[in-house]
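Observations on the model geometry
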Amino acid sequence: MTSITSFHPPVRTLMGPGPSDVNPRVLEALARPTIGHLDPAFVGMMDETKELLKYAFQTENKLTMPVSAPGSAGMETCFSNLIEPGEKVIVCQNGVFGGRMKENVERCGGVAVMVEDAWGTAVSVDKVEAALKANSDAKIVAFVHAETSTGVVSDAQALVALAHQHDCLTIVDAVTSLGGSPLKVDEWDIDAIYSGTQKCLSCTPGISPVSFNERAIAKIQNRKTKVQSWFMDLNLVMDYWGSGGQRSYHHTAPVNALYGLHESLVILQEEGLEKSWDRHVANHEGLKAGIEAMGLSFFVAEEDRLPQLNAIQFPEGTDEAKVRSELLNRYSLEIGAGLGPMAGKIWRIGLMGFASNQKNVLHCLGALDAVLSEMGADIQSGKAVSAAMKVFS
Ligand SMILES: *Cc1c(COP(=O)(O)O)cnc(C)c1O
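Residues numbered from 1 in each chain as written. Predicted model: local features only at pLDDT ≥ 70, side-chain atom pairs only at ≥ 80, totals over all residues. Heavy atoms only, no water.

Focus: the packing of aromatic side chains
What the rule picks out here adds up to two aromatic pairs. A ring pair is formed by Y240 and W241, whose centres lie 6.4 Å apart and whose planes are at 85 degrees; its orientation type is edge-to-face. Overall, the relative accessible area of 0% leaves Y240 in the buried class. Centre to centre, the rings of F314 and W347 are 4.7 Å apart; their planes meet at 45 degrees, and the pair counts as tilted. Here F314, found in the loop between β12 (309–313) and α12 (320–331), pairs with W347, found in strand β14 (residues 346–350); they are 33 residues apart in sequence, far enough to count as distant. Take F314: its relative accessible area is 15%, and that puts it in the buried class. We classify W347 as buried; its relative accessible area is 0%. (Phe/Tyr/Trp six-rings, centres within 6.5 Å; stacked < 30°, edge-to-face > 60°. Buried < 20%, exposed > 50% of the residue type's maximum accessible area, 1.4 Å probe, protein only. Helix = DSSP H or I, 4+ residues; strand = E, 2+ residues; numbered from the N terminus.)

Quick notes on unusual backbone geometry
Negative phi values dominate among residues other than glycine, just as trans dominates among peptide bonds. Here the bond from G18 into P19 is cis, since omega is 5 degrees, no more than 30 degrees from zero. Here P19 shows up in the loop between β1 (13–15) and α1 (24–30). Look at S202: it is not a glycine, yet its phi comes out positive at around 55 degrees. Of note in this structure, S332 is not a glycine but carries a positive phi near 50 degrees. You can see S332 is positioned in the loop between α12 and β13 (333–337).

Here we look at the site of the ligand
Taken together, the neighbourhood of the ligand is formed by P70, G71, S72, F97, V144, A146, T148, D173, V175, T176, Q198 and K199. Within the side chain of S72, one N or O atom sits 2.5 Å away from an oxygen atom of the ligand. Within the contact set of the ligand, an oxygen atom lies 2.3 Å away from a side-chain nitrogen or oxygen of T148. For the ligand, whose free accessible area comes to 380 Å², the fraction covered by protein is 88%. (Near = heavy atom within 4 Å. Polar contact = N/O pair within 3.5 Å; in protein donor to acceptor, adjacent residues only side chain to side chain. Areas by Shrake-Rupley, 256 points an atom, 1.4 Å probe, with all protein chains shown as cover.)

Written out as structure tokens, the structure reads:
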């Protein structure tokens, strides 16, 4: 057998649906010395991380913390704690992640009532209202704020208000919105929310920030049945992440990964949340000008577009997988393919967190232009970069 040596990954520019480029300050933080997870110094950092997460989520919720696993585990934490067997949940689906919500509801013993919208369109508030009227026994409404599979934002504030009019709690997927698009947990009165670190927080993958308000906590504390997952049972995790008092051992926190999250949240606080939201829009505008100058178009209607996830339709007959592999191999640039029914139909260009900058926009447009022109695709060659530069100047 050949001897295996250290792994040195290539340096890439990550402009897919996540992970996105990690800020070098975060990578540096990850390399700091590991200490015990009950060390007072670590506990102090945990408390700061919770404060920083409250800022990112715009909430005063006491139960705001990082789950020690990726965004999918934050999703499971919300569903497994809030749903009791037999309960009806309205699940909105307009892309891949709504389908995963349905899976979660059913695995928790709940009954999912699906409200489906076409991929590439926002969740219809009217359809959700009709579903709530037809299902007066529903207990929860669950939806994806920023659907990464299509690049669509839905009206979280309106959906939550509607759910509350019908005495339902809300579970919101904010994996791709947190840090990238306006999200106000307290003002919008969201009950339970989960996110991820590897999208607009510019941190490494593997952690899932979550937040629960008093209404959600009351439901969890008054469950008739035990949460079926021991690891995700918030009744137990709360003693570990709770502030003040004795912290009891629950699991070993991913110590260094949390240094990284702490640093990424410090960076977000230094920039300012609103400034970060504005930066995501400004860089999207540059990309859009370049994409349109090239003669390509967006898959999603302008008013429903996420600035951090751009779904692009490519010219008819393009070998789209070849384009992506050329971008990766020659320009070390990663963009995303379509997921599920969108496979082979769109590219997903992420402009998330640290990766949302003018350099990346120009790099991506220039590289796409070069690869498509060389392959003889039907595009306007040589126009994209200057169109974006005009927006940026
Ligand atoms: C990425 C993503 C997830 C899953 O997060 P992982 O960290 O990959 O587990 C869930 N929901 C949405 C909307 C996402 O974009």
